[in-house]
Amino acid sequence: MISDLQKSIEKHTANNPELAIKFEIGSALFKKAFCEVMENEQHHRMTSNVLTGGDGSEFEHEELYVPLGLVERKKQTKRDRQEGQPEKGSELYHYEEAINPISHDTFFNDVLWEGKSKSQGKRIAIIGEPGAGKTTFLQKIAEWILEVTDDVPIWINLGALGQKTIREYLLEDWLRDASQSLDHAPAVWKSVFEQYLQEGKVWLLLDGVDEMGAENPLHQLALQLGEGWAKNIRIVLTCRLNVWEANKNELYRYNFDIYRNLDFDREQIAQFINNWFAPINPDRGHKLNAALDEAGKERILDMVKNPLRLSLLCRTWQLYEGELPDTKAELYRQFVEAHYDWNRQTISDEKRQILNQALGKLALKAIDNEDSRFRLRESFIRQEMEPNLFSLALELGWLNRVGVAIENPGERVYAFYHPTFEEYFSALVIDDWYFFLNHVPENPELGTYRVFQAQWREVLVLWFGRSDISNQDKEKLITSLIEFENQEYDLYKIRGYLIAAVGIAECNHYIKRSLVDNVVSKILKFSFGYKINKIDRWETYPNFIQDKARQTLFEMDRPSASALLNNLSEEIDTILY
């Protein structure tokens, strides 16, 4: 790729020294982008193998990759009066947006190459839940840009920027490194780079908007994208679904095309499992597929449609065939225990518990820290963790070095193997259910509660899935959420129901049936409305409440909702027809 570019440069600049300089700089920018993307891919492969390698299961990126389709998310302009019919079945879950699935190849050809989208392929958001393959897909986009265009893709891990803006990072760090300068990039480099910007030949690949150190990261990003230098830049960003949903209107004026990675379907799950076990033990892969098809395993099968969680399941099944987990928390617990068992000579049972507690306290402090939630400076870690435990965490791969601090290039920066592990370990050390209802320490008078902050959402879910937390404590938290009193139009209570519904999905078999039915029926009413018997009329909640409730349905335990959903559908039918 680079050699072809070099030949083209030599051909067109043989008799034009000024043009030769520009091409030389352009070539260097291209090489910088190429090396950056390859380093990112190498890092992705290495960190994936940190917890899976050593016993014949080290993988190159392409060996496991299963292309995921996408869904384009478009707001419906008009509700369908037919959506309440019982015969619609599971289609009732797909009402918050009109969803148009597109294939992996169609996205690259129609959207990226031909610009057949609202933004003409210039503003794209890839959203999804943790571990859904957002970063991997962004990696594929970077490789595609390098292979089929002469544009420059610039990969930016947004969590690594600290207090710097994207503009400051490009001029003060990225361009300096591309020119191999000690201090600042020469003026001619900036001039050529500005020309690239103006010609629309620069792509910003912004990974992890949710990892930015800001209370409202999408707002901060919107302010930066409104600056003149960003006018012609093509942008592809990734963001967790809950952060995007909470603040998606911040980027409304930039007409982003919004796509979500589709989950694996059953065929893709089987393909991934076969890819995993083919070089190791194909028969074990066949047994895992068979176990997932057994009656009563529908929930775990649904859970491992997520690429990261399917990887964890394959890993634990590889070490020892056993019972399939029922919750996210149990899946992570099995993986953590399997990893420790594999390293039994390195760490004793007592030591692993001590390390888990230390990692949990570190994670808890990091998530509460706006400046560095997922990228942890070494000085921060050493304040919270004993040196021997820090070294052990590095040895075992729970923590990995991911670069240096933007504010201080002499200081190393680390991260958990994956952000979801930071959330899992933090959930392990929260023993008091009231922790989630405490005011945020920095503003106790403003009424901000952890349970309503986006960064605690996955922690809460994992906490609900812990088997060592009593059912009574889980019921207390659920009850407190649905009885939440606040002056703002009962919005806190409504939000409490939405959060309780997601938590119940992790523990519904172990808490009171009446409590489950209360929460589920309320979510359905928020989503579709309710019947006023006295006047035989159907009332609905405001659109923004319906939208939030309908999004929650995707995260709920669907078997618990099915009977109540059918009842509600019958009520709708009697009113409308």
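Residues numbered from 1 in each chain as written. Predicted model: local features only at pLDDT ≥ 70, side-chain atom pairs only at ≥ 80, totals over all residues. Heavy atoms only, no water.

What the chain contains, in helices and strands, is 24 helices and 12 strands. The buried share of the chain, taken over its 577 residues, is 55%. A fraction of 72% describes how many contacts in the chain between residues 6 or more apart in sequence connect residues 24 or more apart. For the chain, the exposed surface amounts to about 26,500 Å²; the carbon and sulfur share of it is 48%. (Helix = DSSP H or I, 4+ residues; strand = E, 2+ residues; numbered from the N terminus. Buried < 20%, exposed > 50% of the residue type's maximum accessible area, 1.4 Å probe, protein only. Contact = heavy atoms within 4.5 Å. Areas by Shrake-Rupley, 256 points an atom, 1.4 Å probe, with all protein chains shown as cover.)

For the rest of this paragraph, the subject is the pairing of strand S4 (residues 152–157). Of all 6 residues making up S4, 5 are buried, and the element is well covered by its neighbours. As paired elements, S4 and strand S5 (residues 202–207) share 6 bridges and run parallel to each other. Across the sheet, residue asparagine 157 finds its bridge partner in S5, namely aspartate 207. (Pairing = 2+ DSSP bridges.)

When helix H8 (residues 217–225) is considered as a whole, its buried residues turn out to be Pro217, Leu218, Leu221, Ala222, Gln224 and Leu225. Take H8 and look down its axis: the buried residues cluster within an arc of 165°, on one side only. (Arc of directions from axis to C-beta.)

All right, on to the pattern of salt bridges then. For the structure shown, the criterion picks out 27 salt bridges. As a salt-bridge pair, arginine 284 and glutamate 321 come within 3.1 Å of each other at their nearest N and O atoms. You can see arginine 284 sitting in helix H11 (residues 282–292) and its partner glutamate 321 sitting in the loop between helix H13 (307–319) and helix H14 (328–342), a full 37 residues away along the chain. Among the salt bridges present, the one from aspartate 468 reaches arginine 466, with a minimum N-O distance of 2.9 Å. (Salt bridge = Lys/Arg side-chain N within 4 Å of Asp/Glu carboxyl O.)

Among the nonpolar cores identified, the biggest contains 99 residues, and Leu292, Leu355, Met385, Trp398 and Ile523 are the most heavily contacted of them. Setting aside its immediate chain neighbours within four residues, leucine 292 contacts Arg266, Ile269, Ile273, Lys297, Ile300, Leu301, Val304, Leu313 and Leu324. In this structure, Ala28, Leu225, Trp229 and Leu251 belong to the second largest nonpolar core, which totals 45 residues. (Core = buried A, V, L, I, M, F, W, Y, C linked by side-chain atoms within 4.5 Å.)

Let us look at the packing of helix H19 (residues 457–464) against helix H20 (residues 471–482). When two helices pack together, you describe them by how their axes are tilted relative to each other and by the distance separating the axes. Where H19 meets H20, the axes come as close as 11 Å, and the angle between the chain directions of the two elements is 145°. Here H19 contributes Leu460, Trp463 and Phe464 to the contact with H20, which in turn contributes Asp473, Lys474, Leu477 and Ile478. (Axes fitted to C-alpha atoms, helices over the stretch in contact; angles between N-to-C directions.)

Attention now moves to the packing of aromatic side chains. On inspection of all chains with the given rule, the structure shows 26 aromatic pairs. Relative to tryptophan 203, the ring of tryptophan 144 has its centre 6.2 Å away and its plane inclined at 70°; by these criteria the two rings are edge-to-face. Remark: tryptophan 203 occurs in strand S5 and tryptophan 144 occurs in helix H5 (residues 134–148); sequence separation between them is 59 residues. Summarising the burial analysis for this pair, tryptophan 144 and tryptophan 203 share the class buried. Seen in terms of ring centroids, phenylalanine 435 and phenylalanine 436 are 5.6 Å apart; in terms of plane orientation they differ by 85°. Their pairing is edge-to-face. Pair check on accessibility: phenylalanine 435 and phenylalanine 436 agree, each one buried. (Phe/Tyr/Trp six-rings, centres within 6.5 Å; stacked < 30°, edge-to-face > 60°.)

What the 3 strands build is an open sheet, ordered S8-S10-S9; its pairing is antiparallel. Every interior strand has two partners, whereas the edge strands, strand S8 (376–377) and strand S9 (399–404), have only one. Two strands pair when backbone bridges link them, and S9 and strand S10 (residues 412–416) are joined in this way by 5 bridges, in the antiparallel orientation. Bridge pairing in S10 links valine 404 to arginine 412.

Attention shifts here to the packing of H20 against helix H21 (residues 491–504). For the pair H20 and H21, interaxial distance at closest approach is 7 Å and the crossing angle is 150°. Considered as vectors, H20 and H21 are oriented roughly antiparallel to each other. For the pair formed by H20 and H21, the contact residues are Ile478, Leu481 and Ile482 on the first element and Lys493, Gly496, Tyr497, Ile499, Ala500 and Ile504 on the second. (Parallel < 35°, antiparallel > 145°, perpendicular 65-115°, else oblique.)

In this model, helix H22 (residues 513–528) (16 residues) spans 22 Å end to end at C-alpha, consistent with the 22 Å of a helix rising 1.5 Å per residue. The complete set of buried residues in H22 reads Leu515, Val516, Val519, Val520, Ile523, Leu524, Phe526, Ser527 and Phe528. (Expected span 1.5 Å × (residues − 1).)

The next thing to look at is the environment of valine 502. Take valine 502: it is sitting in helix H21. With relative accessibility at 4%, the residue valine 502 sits in the buried group. The spacing of valine 502 and leucine 553 is 51 residues in sequence and 8.5 Å in space, taken between C-alpha atoms. Each residue touching valine 502, except ones within four places of it in the same chain, is listed here: Arg457, Val461, Thr552 and Glu555.

On to the confidence of the model for the chain. In this model, the chain carries an average pLDDT of 78, and 76% of its residues clear a pLDDT of 70 or more. Per-element confidence in the chain ranges from a low mean pLDDT of 47 for helix H1 (residues 2–12) to a high of 93 for strand S6 (residues 234–240). Every residue in residues 76–98 is under pLDDT 50, and counting partners more than four places away or in other chains gives 50 contacts. In the model, residues 573–577 has pLDDT below 50 throughout and makes 9 contacts with residues more than four positions away in sequence or in other chains. (pLDDT = per-residue confidence, 0-100.)

Summarising burial for S6: 7 of the 7 residues are buried, a large majority. Of the two faces of S6, the one lined by Arg234, Val236, Thr238 and Arg240 and the one lined by Ile235, Leu237 and Cys239 are each fully buried. Strand direction decides the pairing type here: strand S3 (residues 123–128) and S6, joined by 6 bridges, are parallel. Considered in S6, the bridge of glycine 128 is made with arginine 240.

Moving on to the environment of phenylalanine 193. Assignment of secondary structure puts phenylalanine 193 in helix H7 (residues 187–198). Distance from phenylalanine 193 to leucine 175, taken between C-alpha atoms, is 8.2 Å for residues 18 residues apart in sequence. If sequence neighbours within four positions are ignored, phenylalanine 193 has contacts with Leu29, Ile154, Leu170, Trp174, Leu175 and Val202.

Moving on to the side chain of glutamine 455. Here glutamine 455 lies in the loop between helix H18 (419–428) and H19. Non-local contacts of glutamine 455, meaning those with residues more than four positions away in its chain, are made with Ile367, Arg373 and Glu423.

Our next topic: unusual backbone geometry. Non-glycine residue glutamine 120 carries a positive phi angle of around 60°. Relative to the helices and strands, glutamine 120 resides in the loop between helix H4 (104–113) and S3. At asparagine 255, a residue that is not glycine, the phi angle is positive and equals roughly 55°. Mapped onto the elements, asparagine 255 comes out in the loop between helix H9 (241–247) and strand S7 (257–261).

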